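Each chain, written out:
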Amino acid sequence: MTDRTETPAETAEQKSNPTAAPEATNMTDDKTGAADTQTRAAETKPKAKPTPDPVSEDRSRSVDTDALVSEARAQERERVSTIHGLADKLQLERGFADDLIKRGVSIDEARRLILDQVAAKVDETRTFPHVSIPLGGRDATVTRREAISNALLHRYSPTLFPLEDAAREYRGMTLMELARESLETAGASTRGLSRDEVATRALHSTSDFPEILAAVTNKTLRQAYEAYPRTFPLFCRQVLATDFKAMHRVQLGEAPQLLKVGESGEFKRGTLGESKESYRIETYGRVVAITRQVLINDDLDAFTRIPAMYGNSIAQLESDVVWDIVTSNPAMADGTALFHATHKNLAGTGAALGVDSVGLARAAMRKQTGLDKKTVLNIRPAFLIVPAALELKAEQLVAQNLVPAQSGNVVPQSIRTLSPIAEPRLDAASETAWYLAASPNQIDTIEYAYLEGQQGAYIETRNGFDVDGVEIKCRLDFGAKAIDWRGLYKNPGA
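Quick caveat: nothing in here was measured; it's all calculated off a predicted structure. Throughout this document, residue positions are counted from 1 along each chain, in the order its sequence is written. Per-residue local features are limited, in this predicted model, to residues with pLDDT of at least 70; the limit for side-chain atom pairs, both in listing and counting, is 80 or more; totals at the level of whole chains, interfaces and linings are taken over all residues. With hydrogens and water stripped out, all remaining heavy atoms of the structure feed into the side-chain values.

J.: Explain unusual backbone geometry to me, please; I cannot follow it from the model alone.
T.: Only a minority of non-glycine residues have a phi that is not negative, and only a minority of peptide bonds are not trans. Positive phi is not limited to glycine here, since Asn329 has a value of about 50 degrees. In this model, Lys344 sits at a positive phi of 60 degrees, which is unusual for a non-glycine residue. Helix numbering and strand numbering both begin at the N terminus, where a helix is a DSSP run of H or I of at least 4 residues and a strand a DSSP run of E of at least 2. The topology assignment puts Lys344 in the loop between helix H11 (301-328) and helix H12 (355-366). Relative accessibility thresholds used throughout: buried, under 20% of the residue-type maximum; exposed, over 50%; partly exposed, between the two (1.4 Å probe, protein chains only). Residue classification places Lys344 among the exposed positions, given a relative accessible area of 56%.

The structure is reproduced here in structure tokens:
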């Protein structure tokens, strides 16, 4: 039964016609029931499917395609930017990254290929303490450093150090200008700095100016060291010492003479005699300081002439050590002096330098015997060693183009083959004594040694602590000893 609200008109009508009300009520009930029946029928009747709209479906598909395209473009932009970013960060060529992009390589695969390329570049680069020099090229820092060094060396000695093309832009620059240039190249600002501040920072900063100065001092020292006239290497033998321990030179005797073996006879055993000499290398050195005042005053001599003088001093020291063995006549391992009658290498009476005296000395050397006192060595002298006072006479004696007026004064060709060596250090001991020496290839004479890896003069530089500047240490590891007396002969002269 359905509730229904009566309107005022219906109320009035019912009051005027009381019989109409029940009829209306019945009609309402019939309509309500019919409506309920239709509703239930509609619910049980299957619903029809909605007809699809072709326009809406095409629009939906278009939206999905645009989204996919936009997403693909975003992924491609990300791939391209990632590959270029990695290549730029690792300093790879742009063409390498473009090739990866063109080939459609994924980001993960691109990372792997980029790492492989970086590893390949590292293999092509040799790394040193301060610079990297790719194969086939030169580091710009090294090139600039060598150019500045050459400009300074050319300023010191134009004949010894010709100016190179790379050094022309630094020609004429003062030490202060070069120090400022080195600081600015290293990334330090020099604006507003005084000359003193520039000098101090150049000597104590990360710039390469101290290395430039070290290169200049090293080259001038080495050039002076090699230019000094050293006479002893001609008849002495050079070796290298691995450490500072005593070196023992065992001198083996000659092989024993062969003995005749009779029929059904036995071979007899022989022994080798030996003699042993010992010596060690010593360290010699000095430290010189180059202060900031030198830079401010543009005193180039402090970096050139002073090291050159040290080079001469080191070469003189080597000569002093070797020639002191000749003049001091030290004792050998057998307890006998180097030049002694027992060794048969000292003339009994002094004689002036001449054909006859040289002939006797040569004969004495040829008659020298081995350690067994039997084997004749037949040593042939190769050098005539004289003090500076006898240099001219020695040259006249061995001259090849002088023909004496008398046949009795002819010098045999065998004596003319001697190479004269004039050494002024011998004059302090005697101006008349002269010597003969064999070639070190035939028999040992005097041996001199350097520390392995430190042949000749060696310098080190460091920032000064006790002084306000750079300290340069010059060092020499050197030693010498007479090994065999039979290759030397002395005549006291007259």
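From this point, the narrative continues.
J.: How should I be thinking about H11 in this particular structure?
T.: Given 3.6 residues per helical turn, the α-helix brings residues three or four places apart onto the same face. Look at H11: 38 Å from first C-alpha to last across 28 residues, which is about the 40 Å you get at 1.5 Å a residue. A residue's bend is the angle separating two fitted axes: one through the seven residues that end there, the other through the seven that start there. Maximum bend of H11: about 25 degrees, positioned at Val322. Asn329 lies just past H11 and shows a positive phi near 50 degrees. By definition here, a helix of n residues has an expected span of 1.5 Å times n minus one.

J.: Can you walk me through the pattern of salt bridges in this structure?
T.: Any two side chains of opposite charge can pair, so long as their charged atoms come close to each other. Definition used for salt bridges: Asp or Glu carboxyl oxygen within 4 Å of a side-chain nitrogen of Lys or Arg. Counting across every chain of the model gives 22 salt bridges. The partner of Asp444 in a salt bridge is Arg237, and the shortest N-O contact between them spans 3.4 Å. Highlighted residues: Asp444 in the loop between strand S9 (434-438) and strand S10 (446-451) and Arg237 in strand S3 (residues 236-241), separated in sequence by 207 residues. For Arg237, a relative accessible area of 31% corresponds to the partly exposed category. Between Arg425 and Glu423 there is a salt bridge whose closest N-O contact spans 2.9 Å. Exposure remark for Glu423: the relative accessible area of 2% places this residue in the buried category. When salt bridges with common partners are traced through the structure, they connect Arg144, Arg145, Asp208 and Glu211 into a single cluster.

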